[in-house]
Amino acid sequence: MKEEIIIAGFGGQGVLSMGKILAYSGLMEGKEVSWMPAYGPEQRGGTANVTVIVSDQRISSPILSKYDAAIILNQPSLEKFESKVKPGGILIYDGYGILHPPTRTDIQIWRIDAMDAANEMHNAKAFNMIVLGGLLKLRPIVSLESVIKALRKTLPERHHHLIPMNEEAIRKGMELIREVEPEAAG
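Note that the structure is predicted; figures quoted are calculated from it, not measured.

(A) Seen up close, the packing of helix H1 (residues 15-28) against helix H4 (residues 127-138). Remark: H1 packs on H4, axes separated minimally by 10 Å, with the N-to-C direction vectors making an angle of 45°. Put simply, H1 runs oblique to H4. Remark: the crossing between H1 and H4 carries right-handed chirality. Side by side, H1 and H4 meet where Ser17, Met18, Ile21 and Leu22 of the first sit next to Asn128, Met129, Val131, Leu132, Leu135 and Leu136 of the second.

Put into structure tokens, the structure is as follows:
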């Protein structure tokens, strides 16, 4: 098993932390992982992306030009990365940040309305965990238990009381994600 993932959006959406939690979860399961962030000097409000590789085998390079899965959280990221998903791969997007949905027909396109769900939960910070839940529903590359362990490892102890809310958000994302038919995507 080897999963090469790009997560891209605006700074402040939890893009980098989502990738970090995914990578830590892989470590918890004894897998090989790579976590490579990229962001503009603006950070919050600028574009940010992170490449995560989770594999049963050694990872030869963290640099990728094509991805098995793309999580896209804004229009500029969709324009940059839609063409870089491998044929047969998946693209997940949040409906809130995309004006012109993906149009490719050689990949599976999934929509998750994570921003709306986070607002319903009255917690904007749950957004990235809802999206992560959607990914894990489609590609269970790590277990929910490992994600909870990774949250304990990555969150400062003063925020550990938020772990049950994060678990709820992940489960919500697993319920919300839905496939978009190619003709409806364009």
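(B) Region of the structure containing the nonpolar core. Counting 43 residues, the largest nonpolar core has Leu22, Ile92, Ile130, Leu132 and Leu135 as its most contacted members. Ranked by residues supplied to this core, first place goes to H4 with 8 residues. Ignoring anything within four residues of it in the chain, the contact list for leucine 22 reads Ile5, Val52, Val54, Leu132, Leu135, Leu136, Ile141 and Val142. Within the second largest apolar cluster, 17 residues are counted, among which are Leu91, Ile98, Ile107 and Ile109.

(C) Focus on the pattern of salt bridges. Applying the stated criterion across every chain yields a total of 8 salt bridges. Between lysine 86 and glutamate 4 there is a salt bridge, and its shortest N-O distance comes to 2.8 Å. Of the two residues, lysine 86 is situated in strand S5 (residues 85-94) and glutamate 4 in strand S1 (residues 2-10); the sequence distance between them amounts to 82 residues. Judged by its relative accessible area of 27%, lysine 86 falls in the partly exposed class. Connected through shared salt-bridge partners, Lys2, Glu4, Asp68 and Lys86 make up one network.

(D) Up close: the packing of H1 against helix H5 (residues 144-154). At their nearest, the axes of H1 and H5 sit 8 Å apart, and the two run at 115° to each other. Taken together, the axes of H1 and H5 lie roughly perpendicular to each other. Both H1 and H5 take part in a crossing whose hand is right-handed. On H5, the residues that touch Lys20, Ile21, Tyr24, Ser25 and Met28 of H1 are Ser146, Val147, Lys149, Ala150, Leu151, Lys153 and Thr154. Considered class by class, the residues forming the contact of H1 with H5 number 6 nonpolar, 3 polar and 3 charged.

Rules used throughout
- Residues numbered from 1 in each chain as written.
- Predicted model: local features only at pLDDT ≥ 70, side-chain atom pairs only at ≥ 80, totals over all residues.
- Heavy atoms only, no water.
- Axes fitted to C-alpha atoms, helices over the stretch in contact; angles between N-to-C directions.
- Helix = DSSP H or I, 4+ residues; strand = E, 2+ residues; numbered from the N terminus.
- Parallel < 35°, antiparallel > 145°, perpendicular 65-115°, else oblique.
- Left-handed = near helix turned anticlockwise from the far one by under 90°.
- Contact = heavy atoms within 4.5 Å.
- Core = buried A, V, L, I, M, F, W, Y, C linked by side-chain atoms within 4.5 Å.
- Buried < 20%, exposed > 50% of the residue type's maximum accessible area, 1.4 Å probe, protein only.
- Salt bridge = Lys/Arg side-chain N within 4 Å of Asp/Glu carboxyl O.
- Nonpolar A, V, L, I, M, F, W, Y, C, P; charged D, E, K, R; others polar.

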